[in-house]
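Examining the three-dimensional arrangement
If you want the building blocks of each chain, they are given just below.
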Amino acid sequence: MGTAEAAAAPGLVLPPLTEEDAVRSQDRSRVHHARRHSRRWRLLWLLVGPGILAMLGENDGPSMIAYAADGAQYGLGFFVPFIPVLFAMAFICQEMCMRVGAVTHRGYGELVLQRYGRVWGWFGAGDLTLTNLVTLVAEFVSIRVGLAYFHLGSGVAVALGLALVAFTLSGGRYWRWERIVLGLALFNGLFLVAAVLVKPHVGAVAGAFDFSPFPGGSFNTLLLLLASTIGATVTPWMIFFQQSACADKGMTPRDVKHGRYDTAVGAALAAIFGVGALIAGAALLTHNGSGIQGFAPNAGFPEALTRVAGGAVGTVFALGLIEAGAVAILTISASTAYAAGECVGVSHSFNSSPRNAGVFYAANAGIALLAAMVILIPGAPLLSIALNANVLATVLLPVSLVFMVMLANDKGLMGAWVNKRSTNAIGIAVISFVGLCGAAYGIDSFLLATHLIGS
């Protein structure tokens, strides 16, 4: 409502601008100025963030360990083209998240609760919290594995992760939080550096794009690696995070085109860096016949790569694991905070102070603290935790994807921005594929456990 309209209705009391509104309006004024003066690169710079962070945040410690494990166990072959295909699937899902967030200005958890009831809203939040807690434990494990290469222990990993959470929360603005995490996320490119340093055969990498040979070996192990690879590219927290981050950033329907660029760039970078981790891991294929089971329990992959390809490769890979775990801790904790605030119905924005958004800040720091405490338990199976975190995400993902597609098709919410038929067809195919892989692994694991008990 404009000033003239408000003056014509003197009995109408407009709600006061909140702290979030005031801060967000400053960011929007810069976007408006860049759009008005045709500063396209400036506009793109202002609007990028949520998509790149969702994708590179998903290139987390467990994911990069999963890619390296694929390479170490099976070589390049099937997985070189499979990873980009999975990130293309992730783009389809995350584009819907971005579009719904930009059009409705509300987060995923808030919309599910409002449109489909408290039961489903709280189920989604509970699903997310469980998955995030297990994944965050794996992220601290990733930092621990990277630091172990430099002879630093779990205490340093805990201190580093929690210090980053505290530092990024202290800015008091979404913009500052986003730019800090974006700066860290760019170091995901260390995995590409590791791939170059192992000096792969270019012809072998190029020849792998025919999806052959299909990996063999134990069916259960193959399903585990497939499920963990799928869980390394699309997970529930990404859905919660990107939609809520778009709303927190103040994106509008006019920003959807740039939101697509943001998400596409994130997917492309994540696929390239993921293949980098795969290629680096493949250097171990001919040097360790026992595959992923033969790695050391502490520094793991970095130490193995040092023995095979030299200290520079091991160092770069270790630093990459630290970065991957750190960025994921920040983004996954944020997704938990968004979900908590949205379900409780209180302020849930980085643009609010801790006093005005206590639940949001408490959930953000609290889940990171809880995960950090878990990794201090002696004897934790590091590689098993990292791989199974992605498997859990694969099993629980289909429910979140179904609601995402339903929201993107809700004409009452989206108006002219509802899904196209082609988007729905691809979305349904993605849900079916992820659901079948998760179900197949779950059923096979159940049958295997039944067989072992029976024998």
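Keep in mind the model is a prediction, meaning the values are calculated, not measured.

Another point: the overall build of the protein. If you tally the helices and strands in the protein, you get 21 helices and 0 strands. Taken across its 455 residues, the protein has 56% of its residues classed as buried. In the protein, of all internal contacts separated by at least 6 residues, the share reaching a separation of at least 24 is 85%. When the accessible surface of the protein is summed, it comes to about 18,400 Å², and 69% of that surface belongs to carbon and sulfur atoms.

So, on to the packing of aromatic side chains. Scanning the entire structure with this criterion turns up 21 aromatic pairs. Aromatic side chains Phe 78 and Phe 79 sit 5.4 Å apart centroid to centroid with 80° between the ring planes, which places their arrangement in the edge-to-face category. Taken individually, Phe 78 and Phe 79 each receive the classification buried, so the pair is uniform in this respect. Through successive ring pairs, a cluster of aromatic residues spans Tyr 174, Trp 177, Trp 237, Phe 241, Tyr 338, Phe 350, Phe 360 and Tyr 361. Arg 30 extends its terminal NZ or CZ atom over the ring of Trp 175, reaching a point 4.4 Å from the ring centre. Residue placement shows Arg 179 over the ring face of Trp 45; its charged tip is 4.2 Å from the ring centre.

So, about the side chain of Thr 336. Its place among the elements puts Thr 336 in helix H17 (residues 311-344). Reaching out from Thr 336, the side chain makes a polar contact with the side chain of Asn 132 at a distance of 2.7 Å. Excluding residues within four positions of it along the chain, Thr 336 makes contact with Leu 128, Thr 129, Asn 132, Ala 363 and Ile 367.

Glancing now at the side chain of Ser 335. Structurally, Ser 335 is set in helix H17. A relative accessible area of 0% means that Ser 335 is categorised as buried. Apart from residues lying up to four places away in sequence, Ser 335 is in contact with Leu 128, Asn 132, Trp 237, Phe 240 and Phe 241.

Core analysis: the biggest nonpolar cluster contains 122 residues, and Trp 177, Phe 241 and Phe 317 have the highest contact counts within it. In terms of residue count, H17 provides more of this core than any other element does, 16 residues in total. Filtering out sequence-adjacent residues up to four positions away, Phe 241 remains in contact with Pro 50, Leu 53, Ala 54, Trp 177, Thr 331, Ala 334, Ser 335 and Tyr 338. Core analysis: the second largest hydrophobic core is formed by 6 residues, Val 31, Ala 34, Leu 43 and Leu 46 among them.

Turning our attention to the pattern of salt bridges. This model, assessed by the stated rule, comprises 7 salt bridges. What emerges from the salt-bridge pattern is a single network uniting Arg 28, Arg 35 and Asp 255.

This part is about a nonpolar patch on the surface. Taken together, Trp 122, Val 344, Val 346 and Val 359 make up a surface patch of nonpolar side chains, about 310 Å² in accessible area. Mapped onto the elements, Val 346 comes out in the loop between H17 and helix H18 (358-375). Exposure remark for Val 346: the relative accessible area of 33% places this residue in the partly exposed category.

Every α-helix carries 3.6 residues per turn, so stepping three or four residues along brings you back to the same face. Listed in full, the buried residues belonging to helix H16 (residues 301-309) are Phe 301, Pro 302, Ala 304 and Leu 305. One side of H16 holds all its buried residues, which, seen down the axis, span an arc of 160°. Two residues or fewer after H16 comes Gly 310, characterised by a positive phi angle close to 110°.

A word on helix H14 (residues 236-249). Under the 1.5 Å per step criterion, the end-to-end length of H14 is 20 Å for 14 residues, consistent within 8% with the ideal 20 Å. Across the 14 residues of H14, 14 count as buried, placing the element largely inside the fold.

On to the confidence of the model for the protein. With 86% of its residues at a pLDDT of at least 70, the protein reaches an overall mean of 84. Here helix H1 (residues 3-8) is the element of the protein with the lowest mean pLDDT, 41, and helix H11 (residues 190-197) is the one with the highest, 96. Note that residues 1-14 has pLDDT below 50 and, in this model, 4 contacts with residues that lie over four places away or in other chains. Here residues 289-297 is modelled with pLDDT under 50, and outside its nearest four sequence neighbours on either side it reaches 15 contacts, counting other chains as well.

With that settled, the discussion passes to unusual backbone geometry. With the exception of glycine, most residues fall at negative phi, and the peptide bonds are largely trans. Phi at His 105 takes a positive value of approximately 60°, unusual for a residue other than glycine. Within the secondary structure, His 105 is located in the loop between helix H6 (79-104) and helix H7 (108-116).

Packing of helix H10 (residues 174-185) against H17 leaves a shortest axis separation of 9 Å and a crossing angle of 150°. Looking at the two axes, H10 sits roughly antiparallel to H17. Our pair here, H10 against H17, has a crossing hand that is left-handed. Within the contact between the two elements, H10 uses Tyr 174, Trp 177, Val 181, Leu 184 and Ala 185 and H17 uses Glu 323, Val 327, Leu 330, Thr 331, Ala 334 and Tyr 338. Each residue belonging to the contact of H10 with H17 can be placed in one class, and the counts come to 9 nonpolar, 1 polar and 1 charged.

With that settled, the discussion passes to the state of the cysteines. On inspection of all chains with the given rule, the structure shows 0 disulfides. The cysteine Cys 97 is free of any disulfide, with Cys 93 supplying the nearest cysteine sulfur at 7.2 Å.

About the thresholds
Residues numbered from 1 in each chain as written. Predicted model: local features only at pLDDT ≥ 70, side-chain atom pairs only at ≥ 80, totals over all residues. Heavy atoms only, no water. Helix = DSSP H or I, 4+ residues; strand = E, 2+ residues; numbered from the N terminus. Buried < 20%, exposed > 50% of the residue type's maximum accessible area, 1.4 Å probe, protein only. Contact = heavy atoms within 4.5 Å. Areas by Shrake-Rupley, 256 points an atom, 1.4 Å probe, with all protein chains shown as cover. Phe/Tyr/Trp six-rings, centres within 6.5 Å; stacked < 30°, edge-to-face > 60°. Lys NZ or Arg CZ within 6 Å of the ring centre and 35° of its normal. Polar contact = N/O pair within 3.5 Å; in protein donor to acceptor, adjacent residues only side chain to side chain. Core = buried A, V, L, I, M, F, W, Y, C linked by side-chain atoms within 4.5 Å. Salt bridge = Lys/Arg side-chain N within 4 Å of Asp/Glu carboxyl O. Patch = residues over 30% accessible without salt bridge, like charges linked within 9 Å, V, L, I, M, F, W, Y side chains within 5 Å. Arc of directions from axis to C-beta. Expected span 1.5 Å × (residues − 1). pLDDT = per-residue confidence, 0-100. Axes fitted to C-alpha atoms, helices over the stretch in contact; angles between N-to-C directions. Parallel < 35°, antiparallel > 145°, perpendicular 65-115°, else oblique. Left-handed = near helix turned anticlockwise from the far one by under 90°. Nonpolar A, V, L, I, M, F, W, Y, C, P; charged D, E, K, R; others polar. Disulfide = S-S within 2.5 Å.

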